[in-house]
Amino acid sequence: MPNYIGPNAVLEKKKKYIMPCLGHFYKEPRQIVRGDMQYLYDSDGQKYLDCFSGVSVINCGHCNPEIADKICEQVKTLQHVCNIYLTENFVNLAEKLAQITPGDLQKSFFCSTGSEANEGAALLASIYTGSSEFIALRNGLHGRTKLGMSLTGIQMWRTDPNPVGGISFAPNPYCYRCPLGKKHPECNLACADMVEDIVKTATSGHPAALIAEPIQGNAGIVTPPEGYFKRLKEILEHYHALLIIDEVQTGFARSGKMFAIENFDVVPDIMSVAKALGNGVPISAFIAPAKIADTYTKPGASTLGGNPVSSVAGLAVIDYIEKHNLAANAAERGKQLKDGLKQLQKKYPVIGDVRGLGLMVGAEFIKPTNGEPNPDLLDAVLEELKNCGFIIGKNGVARNVMAFQPPLVITEQDIDNVINAVDLVLAKKP
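Worth saying up front: this structure is predicted, and the values here are computed from it rather than measured. Residue numbering note: each chain is counted from 1, following its sequence as written. Reporting in this predicted model follows two pLDDT cut-offs: at least 70 for local features of residues, and 80 or more for side-chain atom pairs to be given and counted; totals over whole chains, interfaces and linings ignore these cut-offs and use all residues. Just so you know, side-chain values use all the structure's heavy atoms and leave hydrogens and water out.

Asks: Would you mind going over helix 5 (residues 114-129) with me for this structure?
Replies: The periodicity of an α-helix, 3.6 residues per turn, causes residues three or four places apart in sequence to face the same way. Secondary structure elements are defined from DSSP: runs of H or I of at least 4 residues count as helices, runs of E of at least 2 residues count as strands, and each element is numbered from the N terminus. Each residue after the first adds 1.5 Å to the expected span of a helix. Counted at 1.5 Å a residue, the expected span for helix 5 with its 16 residues is 22 Å, and the 22 Å between its end C-alpha atoms agrees. The complete set of buried residues in helix 5 reads Gly114, Ser115, Ala117, Asn118, Gly120, Ala121, Ala122, Leu124, Ala125, Ser126 and Thr129. Phi turns positive one or two residues past the end of helix 5, at Gly130, with a value near 75 degrees. Only protein chains enter the accessibility calculation, which uses a 1.4 Å probe; a residue whose area is less than 20% of its type maximum is buried, one above 50% is exposed, and one in between is partly exposed.

Rendered as structure tokens:
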């Protein structure tokens, strides 16, 4: 076994050389040293079932040989030129994205991170509409850049003391804890209708766009009810505003569809993608129809955006997803996971809600006596599950939602194993 420095030494160096804004999961974190499809291994040789995918990145599995071989071949052939020079991979990837994205989305701009893609999508919306006003959803997360952070509706991620102005926030479709105090379906999508009130009262009447995740990841896998996005789109079209859909966490088969917005039968005006497109290689893009994209004419290169290696990774990822029908597996294993968690919900009242689509599923931990968030219990459960060989994420504004976003190559037996593990851990809790 290689001579790893171990988690304690990593923590010492992290404290000395890494900015303190970067935290970590677990009271006793492990040093992760190897990945193999749906599994991870630490410096002591312990094997883990990865149920978080590095936050929705490793959809095709860790070190997937069909993808890694193509990346390695490209690295040894042509690793980089700026995208102002002609190479083939990035135009082939843009062509492929035009084929698989919803509706008439056609032209891409490649960059390296989801934050960049969302920043670019907002810029394009402003160029096209001539407006700099935006609407975002409460509890949404759109990046760590100046504008992306300002569009983010979660206080813990808004570290900029002087956020960008001209941004209004609409209630998010969080049916379990409705911000309007209503119940679905009797509410008649009142949270969507609030967008029109915001346009009329908090904007000039002509906002550039509304930006939204189809499933809010960091908010706690908040999943909108049927009809929500159709209502939003109708309102936005009435005011000539665009709909930007942030598929950074939800894209590339995670929801059971290639893109999560397809579950809601709506075509966005601009869409951002990242994370799973590279399966660990940094790449992102924002995509729009020609009529919108063609208004972006002033120079806008990106040094590393869509370089030969990241582009071949994106092509290999899409090919693998289609070849191995990962969307269908996400739908089937996601149903198995949700059904299992709902059975546990009946058994353990600390699970207040189970929600999500495909293999993006959240279980919200609560205090049964009053329904308040219970992040301390969740932390204890996740720590013990880690010790049992299961890496599961957490999110939610109160950090009380157990988040399942595993590699889409996960098996039926894997799902049974993790459900059984959660059951055993919860059985030991008071």
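That shown, we press on.
Asks: When you look at the layout of surface pockets in this model, what are you seeing that I'm missing?
Replies: Rolled over the atoms, a probe sized like a water molecule indicates the empty space that remains. Computed over the protein atoms alone on a 1 Å grid, cavities are sets of points where a 1.4 Å probe fits but cannot get out and pockets are open sets with protein on both sides within 12 Å along at least five of seven lines; a residue lines them when it has an atom within 4 Å of a point. Grid points are joined across faces, edges and corners, and a volume is the space filled by probe spheres set on the points. In this model, the largest pocket occupies a volume close to 1,800 Å³. Along the walls of the largest pocket sit 50 residues, with Leu22, Gly54, Val55, Trp157 and Lys275 positioned nearest its centre. At the level of secondary structure, the elements contributing two or more residues to the lining of the largest pocket comprise helix 2 (53-56), helix 5 and strand 14 (393-395). There is about 410 Å³ of room inside the second largest pocket. What lines the second largest pocket is a set of 21 residues, and nearest its centre among them are Ser108, Phe109, Ala293, Tyr296 and Gly300. When contributions to the lining of the second largest pocket are tallied by element, the ones reaching two or more residues are helix 4 (89-100), strand 4 (107-111) and strand 10 (284-288). If one sorts the elements of the lining of the second largest pocket by residue count, strand 4 sits on top with four residues. Classification convention: Asp, Glu, Lys, Arg as charged; Ala, Val, Leu, Ile, Met, Phe, Trp, Tyr, Cys, Pro as nonpolar; all other residues, Gly among them, as polar. In the lining of the second largest pocket, the residues fall into 13 nonpolar, five polar and three charged.

Asks: Which parts of the structure should I look at to understand the pattern of salt bridges?
Replies: When their charged atoms lie close together, side chains carrying opposite charge are able to pair. One side-chain nitrogen of Lys or Arg within 4 Å of one carboxyl oxygen of Asp or Glu is enough to make a salt bridge. Following the criterion strictly, the structure yields 20 salt bridges and no others. The salt bridge partner of Asp353 is Arg355, with a shortest N-O separation of 2.8 Å. Side by side, Asp353 and Arg355 carry an identical accessibility label, which is buried. What you see here is one network of salt bridges that share partners, running through Arg177, Asp353, Arg355 and Glu364.

Asks: Teacher, can you tell me more about the sheet that holds strand 12 (residues 360-365) here?
Replies: In a beta sheet, neighbouring strands are held together by backbone hydrogen bonds and run either parallel or antiparallel to one another. By the convention used here, strands pair only if DSSP detects at least 2 bridges between them. If you trace the four strands from one edge of the open sheet to the other, you get 11-12-15-14, paired in antiparallel fashion. The strands lining the two open edges of the sheet, one partner per strand, are strand 11 (351-357) and strand 14. Adjacent strand axes in the sheet meet at a mean angle of 25 degrees, parallel and antiparallel pairs treated alike. Looking at chain direction, strand 14 and strand 15 (residues 401-404) are connected through three bridges and run antiparallel. The residue bridging Lys394 from the neighbouring strand is Met402, located in strand 15. Angles run from 0 to 180 degrees between N-to-C directions of axes, and those axes are lines fitted to C-alpha atoms, restricted for helices to the stretch in contact.

Asks: I keep staring at the packing of helix 11 (residues 326-347) against helix 13 (residues 412-427) and nothing clicks. Help me out?
Replies: The relative placement of two packed helices comes down to the angle between their axes together with the axis-to-axis distance. Where helix 11 contacts helix 13, the two axes come as close as 10 Å, and the packing angle between them is 15 degrees. Here helix 13 runs roughly parallel to helix 11, going by the angle between their axes. Here helix 11 and helix 13 pass one another in a crossing that is right-handed. Seen from helix 11, the contacting residues are Arg333, Gln336, Leu337, Gly340, Leu341, Leu344 and Lys347; seen from helix 13, they are Glu412, Ile415, Asp416, Ile419, Val422 and Asp423. For the contact of helix 11 with helix 13, the per-class residue count stands at six nonpolar, two polar and five charged. Oblique is the label for every angle not falling under 35 degrees (roughly parallel), over 145 degrees (roughly antiparallel), or within 65 to 115 degrees (roughly perpendicular). The crossing is said to be left-handed when, going from far helix to near helix, the turn is anticlockwise and less than a right angle, and right-handed when the turn is clockwise. We call two residues in contact whenever any of their non-hydrogen atoms come within 4.5 Å of each other.

Asks: So what exactly am I meant to see when it comes to the nonpolar core here?
Replies: Most often, soluble globular proteins have nonpolar side chains that are buried together. Phe252, Phe365, Leu385, Ile392, Met402 and Phe404 are the most contacted members of the largest nonpolar core, which totals 69 residues. Dropping the residues within four chain positions of it, Ile392 is found in contact with Phe25, Tyr26, Cys51, Leu382, Leu385, Met402, Ala403, Phe404, Val418 and Val422. Core analysis: the second largest hydrophobic core is formed by 23 residues, Leu189, Ala192, Val199 and Tyr228 among them. Each nonpolar core is a collection of buried residues, namely Ala, Val, Leu, Ile, Met, Phe, Trp, Tyr and Cys, held together in the definition by side-chain atoms within 4.5 Å.

Asks: Explanation requested: the pairing of strand 8 (residues 242-246) in the structure shown.
Replies: In the case of a regular strand, side chains alternate between the two sheet surfaces. Judged by how many residues are buried, strand 8 sits mostly within the fold: five of five residues are covered. The alternating pattern of strand 8 places Leu242, Ile244 and Asp246 on one face and Leu243 and Ile245 on the opposite face, and all of these are buried. Summarising the sheet, strand 7 (residues 209-212) and strand 8 pair through four bridges and their orientation is parallel. When the sheet's bridge partners are listed, Ile211 is paired in strand 8 with Ile244. Once you follow strand 7 into helix 8 (residues 228-238) and on to strand 8, the crossover reads as right-handed. As paired elements, strand 8 and strand 9 (residues 270-273) share three bridges and run parallel to each other. Its bridge partner lying in strand 9, Ile244 is registered against Ile270. If the strands point away from the viewer and the path from the first strand over the helix to the second runs clockwise, then the crossover is right-handed.

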